[in-house]
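# Secondary and tertiary structure notes
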Amino acid sequence: MAMRPWMMAAVFGVATMAGVAAPAAQARTYIDVDVVRVAPPPPRYERIRPRPGYAWAPGHWRWTGRGYVWVGGHYLRVRPGYVYVGPRWNHHGPGWRFRDGYWVRR
């Protein structure tokens with residue numbers, strides 16, 4: 001019975017050191033897609049209300065590797081001297097390629 005506290009301390013110590021040595025997890029913020037063979041569904045209707053000082057980034061279909069998932073639109077603060085171009089799917093060869101939204105200087 002006297003060994004039990006020492007064993008627990010040893011297990012806890014090893015587990016703690018393993019956690020310190022483990023690399024930090026990193027989340028991917030995008031899915032790297034070259035060409036998708038399945039055409040995206042038509043865009044969904046979104047009600048937009050004008051909002052001074054903001055541009056609308058329309059919703060779009062995002063490919064997950066298994067199918068499409070709808071990502072709803074949202075407002076972006078206007079950048080003076082720039083125009084926002086919304087995300088889109090472009091027909092590319094035998095499939096489709098996604099281009100995320102971006103700002104273009106006027």
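For the structure itself, consult the block above.
These notes cover the structure that comes with them. Numbers given to residues run from 1 along each chain, matching the order in which its sequence is written. With the structure being a predicted model, the display of local features is reserved for residues of pLDDT at least 70 and the display and counting of side-chain atom pairs for 80 or more, all residues being used for whole-chain, interface and lining totals. Side-chain measures here rest on the full set of heavy atoms in the structure, leaving out hydrogens and waters.

## Quick look at the overall build of the chain
Assigned secondary structure in the chain consists of one helix and eight strands. Numbering of helices and strands runs from the N terminus; a helix is a DSSP stretch of H or I covering at least four residues, while a strand is a stretch of E covering at least two. Sequence-ordered secondary structure for the chain, helices as α and strands as β, is α-β-β-β-β-β-β-β-β. Classification of residues uses two cut-offs on accessible area relative to the type maximum, computed with a 1.4 Å probe and protein chains only: under 20% is buried, over 50% is exposed, and between them is partly exposed. A buried classification covers 19% of the 106 residues belonging to the chain. Contact definition: two residues touch when any of their heavy atoms are within 4.5 Å. Put simply, of all contacts in the chain between residues at least 6 apart along the chain, 46% involve residues at least 24 apart.

## Points about the environment of Tyr84
As for its position among the elements, Tyr84 is in strand β5 (residues 82-85). Residues Tyr84 and Tyr102 lie 18 residues apart in sequence; the distance between their C-alpha atoms is 5.9 Å. The residues touching Tyr84, leaving out its near neighbours within four places in the chain, are Ala55, Trp56, Ala57, Pro58, Leu76, Gly101, Tyr102 and Trp103.

## Topic: the side chain of His60
Here His60 lies in strand β2 (residues 60-63). The class for His60 is buried, based on a relative accessible area of 11%. Within polar-contact distance, the side chain of His60 engages the side chain of Arg62 at 3.4 Å. Ignoring anything within four residues of it in the chain, the contact list for His60 reads Val69, Trp70, Val71, Pro87 and Phe98. Pairing of N or O atoms within 3.5 Å defines a polar contact, subject to two protein rules: one partner must be a possible hydrogen donor and the other a possible acceptor, and residues neighboring in sequence count only if both atoms are side-chain atoms.

## A look at the nonpolar core
Among buried residues, the Ala, Val, Leu, Ile, Met, Phe, Trp, Tyr and Cys ones that are joined through side-chain atoms within 4.5 Å form a nonpolar core. Within the largest apolar cluster, seven residues are counted, these being Val36, Trp61, Trp63, Tyr68, Trp70, Trp89 and Phe98. For this core, the elements supplying multiple residues, two or more each, are β2 and β3 (68-71).

## Notes on the packing of aromatic side chains
Ring pairs shown here join Phe, Tyr and Trp side chains whose ring centres sit within 6.5 Å, with only the six-membered ring taken for Trp; geometry is labelled stacked below 30 degrees between planes, edge-to-face above 60, and tilted in between. Counted according to the given criterion, the structure contains seven aromatic pairs. Between Trp89 and Phe98, the aromatic rings sit 5.2 Å apart at their centres with planes inclined by 55°, giving tilted as the arrangement. Taken as a pair, Trp89 and Phe98 share a single burial class, namely buried. In this analysis the charged atom, NZ for Lys or CZ for Arg, is taken to sit over a ring once it is within 6 Å of the ring centre and within 35 degrees of the ring normal. Arg99 extends its terminal NZ or CZ atom over the ring of Tyr102, reaching a point 4.1 Å from the ring centre.

## What about the pairing of β3?
Burial along β3 is one-sided: Tyr68 and Trp70 are buried, and none of Val69 and Val71, which face the opposite way, are. Here the rule is simple: two strands pair whenever DSSP picks up at least two bridges between them. Relative to β3, β2 runs antiparallel, the two sharing four bridges. Bridge pairing links Arg62 to Val69 in β3. Where β2 hands over to β3, the hairpin turn is made up of four residues, of which Gly65 adopts a positive phi near 100°.

Function cannot be read off these values alone, since they describe shape.
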